[in-house]
Each structure stands twice: as structure tokens, then as C-alpha cells.
Amino acid sequence: MLTPQLQKLISSVPSPTQKTEQTQTKKRKKMEKSIEIFDVIVIGAGIMGSCTAYQTSKRNQKTLLLEQFDFLHHLGSSHGESRTIRATYPEDYYPKMVLKSETLWRDAEEQIGYKVYFKTPQFDVGPSNNKALQAVISSCEKNSIPVRVIDRNTMFQEFDDLIQLPDNWIGVVTEYGGVIKPTKAVSMFQTLAIKNGAFLKDNMEVVEIKKDSLTGGVLVMAKNGEKFCGKKCVVTVGSWMNKLVRNMTGVVIPIQPLEATVVYWKIKRGYESKFTIGNGFPTFASYGELYIYGTPSLEYPGLIKISIHGGRPCEPTDRTWAPTQSLDPLKKWIQEKFGDLVDSTRPVVTQSCMYSVTPDEDFVIDFLGGEFGDDVVVGGGFSGHGFKMGPIVGKILSDLVIDGETKDVELMHFRIKRFEKNSKGNLKNFDDQVSSSH
Ligand SMILES: Cc1cc2nc3c(=O)[nH]c(=O)nc-3n(C[C@H](O)[C@H](O)[C@H](O)COP(=O)(O)OP(=O)(O)OC[C@H]3O[C@@H](n4cnc5c(N)ncnc54)[C@H](O)[C@@H]3O)c2cc1C
């Protein structure tokens, strides 16, 4: 029989396992003292990464945002002068995300004290039997978004005589349209993140992310040899996603980079003001063989942006910087819809931009899984239509990385696993059109 004193002495001697744990804890504490550990490291400072860093820092997470180039560079997807915001989607899961984003855009504008979002109606047009356009009408109804459906005879009441609709075409008007200024918007979220206490570092190309056995978190390695330690990590690297994730884990997320072209056209002299938001001119999209989209005259007075959704598959490092598709169908469309009010003979300005496209054009928002489990979250594949939803995507990514779940949206359509079941991803019942854009 052991005396109580002897028992106390024995229980205070650590077992071999306890000893290892104690050593690990000591090492961890020492390391925590010697290197800075972030709660969340966000990689990629486009609109998605900048919105995520804003949201995580708002929730008092010690946040680090890393960018491979200069902040606000023009080599990815989130730069430039205009992006459409619209709630009209054939898929009924996007409108609610757009409406939530609208509130978050306004909140951010209020905090920063300037505007990045300019509201105007959205006008979708196309052949009356176009399945995607019909799905747009149903999805608006399902989401309680009021729509007015018009034809060529009632067109005049909406937009004067500025746009002509062919005989068998219809137009769908909703109030939820507008233009967002992308570079200014990214800068706004980066500034708000800094105000919340986030750390931002540019010219910091991440080459590897690995599990850190010592801290239990993740180690983020940059090309210049610097290392960053985080409890969690969010990867929002746009058209670089596929390559980075494949190099890190061997996992292939089917996100194809495309080089896309933005095109501006000259408005007939004397008509410039008619195509402005001040005159109620809408953001617009045309369904049919091609998906064509445009924004009112805003960033370049006297010019209007009208472009084709899509582009040339290429790596972001292998760009032409020149138009990637024939502009002939676009010229024809402009001539038919705007007559001589817009000069369709040649564009005045063309700009290059990167898309990162999934087979179903739905986003990828998910945990990376594998050895990273729930510690690494990815947000990518925004397929040429993600900008408008940047604020809600940032909120969702921050919820996932902090809480392990989000109450904002059903993530089913955005999971990586969908490509295991079907390499084309989510099935759409409007196969006569690219699923979505802009
Ligand atoms: C021509 C064009 C028109 C569009 N029009 C619309 C529209 O009208 N409406 C709409 O809603 N959306 C539109 N979009 C889509 C929208 O702009 C994109 O969905 C959105 O910008 C994607 O943002 P992102 O943050 O995922 O990618 P990006 O903006 O590309 O950001 C990713 C960032 O990660 C950085 N990065 C990459 N690799 C690393 C690394 N290893 N280490 C560190 N940093 C790294 C990149 O440099 C980049 O800054 C359009 C896109 C284009 C190209």
C-alpha cells in the first residue's frame, strides 16, 4: 500500500507520452514567441481575397493577405473600370447571393465614404424561346425579384428608341442592375481590412503551403524564402488556382484560365448622354448563340462597353494581350441592336483580362481536404461572373475558415466533389446557353 505522499509523487512524474506532449507544447510556445502566428493567411489579393481579409479582420482574426504582384495590378481578373452587377441568373441559387452582396457593397461604401457601385436597371434580351432566358424569368420569380417582360412593340416605353429588338425576341427588365468599379472596389476592401488591423504584403509569391506539425496549423512559403505561419489559410488565387493546388496536393480542381477581351465602342456624336446611367440606360446581356454583355457609358465618356463572354484557353503567363476572338459577330450584334447610334465598324479600346472557368461555370468554394482537412479553404473558378458577389464570397470564405460552416448559402453547388460525380459538374437544364456570365 502506497502512502498518500508517495502516490502524489508518482502521479507528478510524467509518463513517456505526457513527456512528449509537454516537450511539444514547450516547443510550440517557444515557436509562437519567436515567429508570428496569424489566425488566417489569405493568399491572392484580387476581389475575393481582399473581401475575405476584410471579413476575417472584422471578426478580430489576426489576418495576413499575401499578393504575388503589386497590389491593384492588372494581370489577374479584378482590375479595370467596370463590372456588371445583376440579379438575373438562370440558376436560382445566385440571385440571393447577389442581393446579400448588394447590402454588403453598400455597407462597405458607407464605411469608406465613397462610391464604387452605380445602380441602374438590368436588361436581358434574347430569342423568346431561349431556355436560359426563360430560366432567368423563373429564377427571378422564385427569388421574388419583380420582372417586366417586353417585346419590340413595348420596347420604346422602357429605353426610348436606343435599342432595337428583332421580331421574335423578348427583353426582361429588373431593377437590380448596375456597374461596380473593380480596381476602386478592391482598393476599398484592402483599405477597410487594414483599418481592421489586417497585415498586407505584396510582391510575395506563394510557392508552397504545408501542414505544420509543430503548431498544427499551416506553413506558407514564398518564392523569396520568407515563411508565414497561420492557424488557417484561404486560397483565392484566381486563374493560378489549378496550378498552385495541383503542385501543393496533387489534387486537380478543373479551373481553366481563359484570356478574355473587354471592348469599347464609340457612341454617335450628340447621343452620348442618352447611353448614361443618368439617363436610365441599363446594364445589359444578350442570350443566344453568343452571350454578349454591356455596361452604360461611364468610365470613358462617349464610349460604351459591349463584349463577348468567353476567351482563349491559356496560362496567365502566356497571354497575347490582343483580342482573343473574332469581333465580327459582335459588330453584327451592335449594328442590329443599336443601328448607327454606336459605331460598329471598329472598337476604340480593347483590354485583356483573365477568366478562371469551371466546366459548369459555377464557383468553387470548399475546404481543400486531404491532409489539410478544414484548415485550408479555397475560393476560385468564378467563371467570368464573380465580381458582383465578391463581398458575400468573402463572408462565406471567412465563415468557413473561422466557424467551419456558413449559414449564408447552401454550398452544394460549389463543392469540389461535384466533379468526381460528373466531370462536367452541376447539370443545367438550359443547355442552349453558357450557364452564366457577367
Ligand atoms: C473581362 C472580364 C469581365 C468580367 N466582367 C464581370 C462582370 O461584369 N460582372 C462580374 O460579376 N464579374 C465579371 N468578371 C469576373 C470577375 O472579375 C472575376 O470573377 C473576379 O475578379 C475573380 O476574382 P479573384 O479574386 O478570384 O481572382 P483575381 O482577381 O485574379 O485574384 C487572384 C489574385 O491572386 C494572386 N495570386 C495568384 N497566385 C498567387 C500566388 N502563388 N501567391 C500570391 N498571390 C497569388 C494574383 O496575382 C491575383 O491578384 C469579369 C472578368 C473579366 C476578366
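Residues numbered from 1 in each chain as written. Predicted model: local features only at pLDDT ≥ 70, side-chain atom pairs only at ≥ 80, totals over all residues.

Q: What is the right way to read the pairing of strand β14 (residues 303–308) from this model?
A: Sheet faces and side chains relate simply in a regular strand, where the side chains alternate between the two faces. Burial within β14 is extensive, with 6 of its 6 residues counted as buried. Alternating positions in β14 separate into two faces, Leu303, Lys305 and Ser307 on one and Ile304, Ile306 and Ile308 on the other, with burial throughout. Summarising the sheet, strand β11 (residues 256–266) and β14 pair through 3 bridges and their orientation is antiparallel. By the bridge assignment for β14, Trp265 is matched with Ile304. (Buried ≥ 20, exposed ≤ 12 C-beta atoms within 10 Å, placed from the backbone. Helix = DSSP H or I, 4+ residues; strand = E, 2+ residues; numbered from the N terminus. Pairing = 2+ DSSP bridges.)

Q: Can you walk me through the site of the ligand in this structure?
A: Taken together, 37 residues are adjacent to the ligand, and Gly44, Gly46, Gly76, Gly238 and Gly386 come closest. The set of elements that each furnish at least two residues to the shell around the ligand consists of α3 (47–58), β3 (83–86), β11 and β16 (349–357). Of the residues in the shell around the ligand, the class split is 17 nonpolar, 16 polar and 4 charged. Each of two domains, domain 1 (33–75 + 184–255 + 360–421) and domain 2 (121–178 + 256–357), supplies a minimum of three residues to the shell around the ligand. (Near = placed C-beta within 6 Å. Nonpolar A, V, L, I, M, F, W, Y, C, P; charged D, E, K, R; others polar. Domains from an automatic or database assignment.)

Q: Looking at this model, I keep getting lost on the domain arrangement of the protein chain. Mind explaining?
A: Interfaces are often described in size by the accessible area the parts lose on coming together. Split into domains, the protein chain comes out as domain 1 (33–75 + 184–255 + 360–421) and domain 2 (121–178 + 256–357). A separation of 32 Å is found between the C-alpha centroids of domain 1 and domain 2. When its residues are assigned to classes, the side of domain 1 that touches domain 2 shows 6 nonpolar, 6 polar and 1 charged.

Q: Just to check I follow, could you spell out the nonpolar core for this structure?
A: The tendency in soluble globular proteins is for nonpolar side chains to be buried side by side. Counting 114 residues, the largest nonpolar core has Ile41, Ile43, Phe189, Cys233 and Val376 as the members making the most contacts within it. Take this core: its biggest share by element is 7 residues, from strand β6 (residues 169–180). Each of domain 1 (33–75 + 184–255 + 360–421) and domain 2 (121–178 + 256–357) gives at least three residues to this core. Dropping the residues within four chain positions of it, Cys233 is found in contact with Ile41, Ile43, Ile209, Val218, Val220, Asp375 and Val376. (Core = buried A, V, L, I, M, F, W, Y, C linked by C-beta atoms within 7 Å. Contact = placed C-beta atoms within 7 Å.)

Q: Help me understand the packing of helix α4 (residues 94–112) against helix α7 (residues 182–195) in this model?
A: Think of two packed helices as two axes; the pair is described by the angle between the axes and how far apart they sit. Between α4 and α7, the shortest axis-to-axis distance is 10 Å and the interhelical angle comes to 65 degrees. Viewed along their axes, α4 and α7 form a crossing whose handedness is left-handed. Residues Ala108, Gln111 and Ile112 of α4 form the contact with α7, whose participating residues are Met188, Phe189, Thr191 and Leu192. Broken down by class, the residue content of the contact of α4 with α7 amounts to 5 nonpolar, 2 polar and no charged. (Axes fitted to C-alpha atoms, helices over the stretch in contact; angles between N-to-C directions. Left-handed = near helix turned anticlockwise from the far one by under 90°.)

Q: Can you help me understand unusual backbone geometry in this one?
A: A negative phi angle characterises most non-glycine residues, just as the trans form characterises most peptide bonds. The backbone of Asn60 shows a phi angle near 60 degrees, a positive value even though the residue is not glycine. Here Asn60 is to be found in the loop between α3 and β2 (63–66). With 11 C-beta atoms packed within 10 Å, Asn60 lands in the exposed category. In the Ramachandran plot, Ser144 falls in the positive-phi region, its phi being about 55 degrees despite a non-glycine side chain. Mapped onto the elements of the fold, Ser144 is located in the loop between α5 (131–142) and β5 (148–150).

Q: I'm lost on α7 in this one. Help?
A: In a regular helix each residue adds 1.5 Å, so 14 residues correspond to 20 Å; α7 covers 20 Å between its end C-alpha atoms and thus fits that length. All of the buried residues in α7 are Pro182, Ala185, Val186, Met188, Phe189, Gln190, Leu192 and Ala193. Residues of α7 that are buried make contact with α3, β2, β3, α4, β6 and β7 (199–201). (Expected span 1.5 Å × (residues − 1).)

Q: What is the right way to read α4 from this model?
A: An α-helix turns once every 3.6 residues. As a result, residues three or four positions apart point the same way. A rise of 1.5 Å per residue sets the reference length of α4, with its 19 residues, at 27 Å; its end C-alpha atoms lie 27 Å apart and thus fit the reference within 8%. Among the residues of α4, Tyr94, Pro95, Met97, Val98, Ser101, Glu102, Leu104, Trp105 and Ala108 are the ones counted as buried. Turning to α4, the residues buried within the fold contact β3, β4 (117–127), α5, β6, α7 and α10 (390–403). Looking one or two residues beyond α4, the residue adopting positive phi is Gly113, at roughly 90 degrees.

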